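# Observations on chain architecture
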Amino acid sequence: MKKLKLAVVGKDVSKSSSPQMHRFIAENLGAEIEYGKISVPPEEFPARAEEFFKEYDGFNVTIPFKLDVLPYLTSLEGDAKTFGAVNTVVSATRTGYNTDGLGFMLMLRNAGVEPAGKEVLLLGAGGAGRSAAKELSDCGAAVYVYDKRAESAQKLAEEFGVTAVAEIINRRYDVIINATGVGMHKTEGISPVGEELLSLCDTAVDLIYVPPKSKFLEIAESLGKKIINGEAMLFYQAYYAECIYLGISPDEKLAKELFVNYQKFCKEA
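This is a predicted model, so every value here is computed, not measured.

Conventions adopted
Residues numbered from 1 in each chain as written. Predicted model: local features only at pLDDT ≥ 70, side-chain atom pairs only at ≥ 80, totals over all residues. Heavy atoms only, no water. Buried < 20%, exposed > 50% of the residue type's maximum accessible area, 1.4 Å probe, protein only. Helix = DSSP H or I, 4+ residues; strand = E, 2+ residues; numbered from the N terminus. Arc of directions from axis to C-beta. Contact = heavy atoms within 4.5 Å. Pairing = 2+ DSSP bridges. Right-handed = clockwise from strand over helix to strand, strands pointing away. Axes fitted to C-alpha atoms, helices over the stretch in contact; angles between N-to-C directions. Parallel < 35°, antiparallel > 145°, perpendicular 65-115°, else oblique. Nonpolar A, V, L, I, M, F, W, Y, C, P; charged D, E, K, R; others polar. Left-handed = near helix turned anticlockwise from the far one by under 90°. Expected span 1.5 Å × (residues − 1). Polar contact = N/O pair within 3.5 Å; in protein donor to acceptor, adjacent residues only side chain to side chain. Salt bridge = Lys/Arg side-chain N within 4 Å of Asp/Glu carboxyl O. Core = buried A, V, L, I, M, F, W, Y, C linked by side-chain atoms within 4.5 Å.

For the rest of this paragraph, the subject is helix α2 (residues 45-55). Regarding α2, the residues found buried are Phe45, Ala49, Phe52 and Phe53. Each buried residue of α2 lies within a common arc of 90° when the element is viewed along its axis, so the set occupies one face. Away from its buried face, by an angle of more than 90 degrees, α2 presents the exposed residues Ala47 and Lys54. Buried residues in α2 make contact with β1 (4-10), β2 (33-39), β3 (58-61) and β5 (88-90).

In structure tokens, the structure reads:
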């Protein structure tokens, strides 16, 4: 198998963990890859898009280009069709895929959370929220979506059969998921919801992975709740992407083993 040349493309991927994750996964799948980081100002993406197809065997797309890349593709597969957003591209065929939803659900399952039949409050109706809402709804969870842009939550409700809520009230949910991005970068140390609401749930999930324990998760943990941060989702969506690049079938048990080993690898590095 030839050495694949891959990369992640986003507005600012200077601190992205993707290269390390993808190289670790590929190596443990018996492949060797080159994996780079490409930060692109949004206004430059149209002028540079074609170079990614020419220079790379495949590339992952992150904020804010998951929609911008669509005009350059000839086909969409699986969840990419459903979400109308792409995070994985195979250059030779110009095919787009989306592995976010698969990564999200595998994160929950491997953490011992089965959302079927549960009531879930989803904070945020953006890209990550869309993936989560669709997957949760499909598996039989009752999903309530809040977004500060009410029209975004309503659109999600119409598309995926979830329930949009106009305001957050303190009531019981089995699981509360933060898909807003609040708690990272300039909002680090801030939680999108307070102690009273978190005290009423069983599990708190934050799709943020830096910092490892957001204020949202800190509060939930202090209340004795099960907490999950988004690093596993990032790893698993990378795993599914590598399976696409390498043309192999995914194995959930192997993916879990790889993530455990990756965490050990990071601690020892």
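Turning our attention to the pairing of strand β12 (residues 226-229). Within a regular strand, the side chains alternate between the two sheet faces. In terms of strand pairing, strand β11 (residues 203-206) meets β12 through four bridges, oriented parallel. The partner of Ala204 across the bridge, within β12, is Ile227. Once the chain exits β11 it traverses helix α8 (residues 215-222) before rejoining the sheet at β12, and the crossover so formed is right-handed.

As a further point, take the packing of helix α4 (residues 100-110) against helix α10 (residues 252-268). Helix packing for two helices is described by the angle between their axes and how far apart those axes are. Orientation of α4 relative to α10, taken along the N-to-C sense of each, is 75°, at an axis distance of 11 Å. Judged on the interaxial angle alone, α10 and α4 are roughly perpendicular. Counted together, Leu106, Arg109 and Asn110 of α4 and Glu252, Ala255 and Lys256 of α10 form the full contact between these two elements. Residues belonging to the contact of α4 with α10 are distributed by class as follows: two nonpolar, one polar and three charged.

Let us look at the packing of helix α9 (residues 231-246) against α10. Remark: α9 packs on α10, axes separated minimally by 10 Å, with the N-to-C direction vectors making an angle of 125°. Taken together, the axis directions place α9 and α10 in an arrangement best described as oblique. Pair α9 / α10 crosses with right-handed handedness. In this structure, α9 uses Glu231, Ala232, Phe235, Tyr236, Tyr239 and Tyr240 to contact α10, whose residues at the interface are Glu252, Leu254, Ala255, Lys256, Leu258, Phe259, Tyr262 and Gln263. Its residues assigned to classes, the contact of α9 with α10 shows 10 nonpolar, one polar and three charged.

A few words now on α10. In a regular helix each residue adds 1.5 Å, so 17 residues correspond to 24 Å; α10 covers 25 Å between its end C-alpha atoms and thus fits that length. If you check the start of α10, you find a side-chain oxygen 3.0 Å away from the backbone N of Lys253, and it comes from Asp251.

Throughout the structure, instances matching the rule amount to 13 salt bridges. The salt bridge involving Asp138 is made with Lys134; its shortest N-O contact spans 2.4 Å. Of this pair, Asp138 and Lys134 are both found in helix α5 (residues 127-138), four residues apart, which corresponds to roughly one turn of the helix. Using a relative accessible area of 18% as the deciding quantity, one classes Lys134 as buried. One salt bridge in this structure joins Glu221 and Lys213, with 2.8 Å as the shortest N-O distance. Residue class for Glu221 comes out partly exposed when judged on its relative accessible area of 37%. Here the salt bridges do not stand alone but share partners, grouping Arg172, Asp174 and Asp202 into one network.

It is worth spelling out the nonpolar core at this point. Phe104, Met107, Leu108, Leu136, Ile177 and Phe235 are the most contacted members of the largest nonpolar core, which has 44 residues in total. With nine residues, the single largest contributor to this core is α9. When sequence neighbours within four positions are dropped, the list of residues in contact with Leu108 reads Val113, Pro115, Leu136, Val205 and Ile228.

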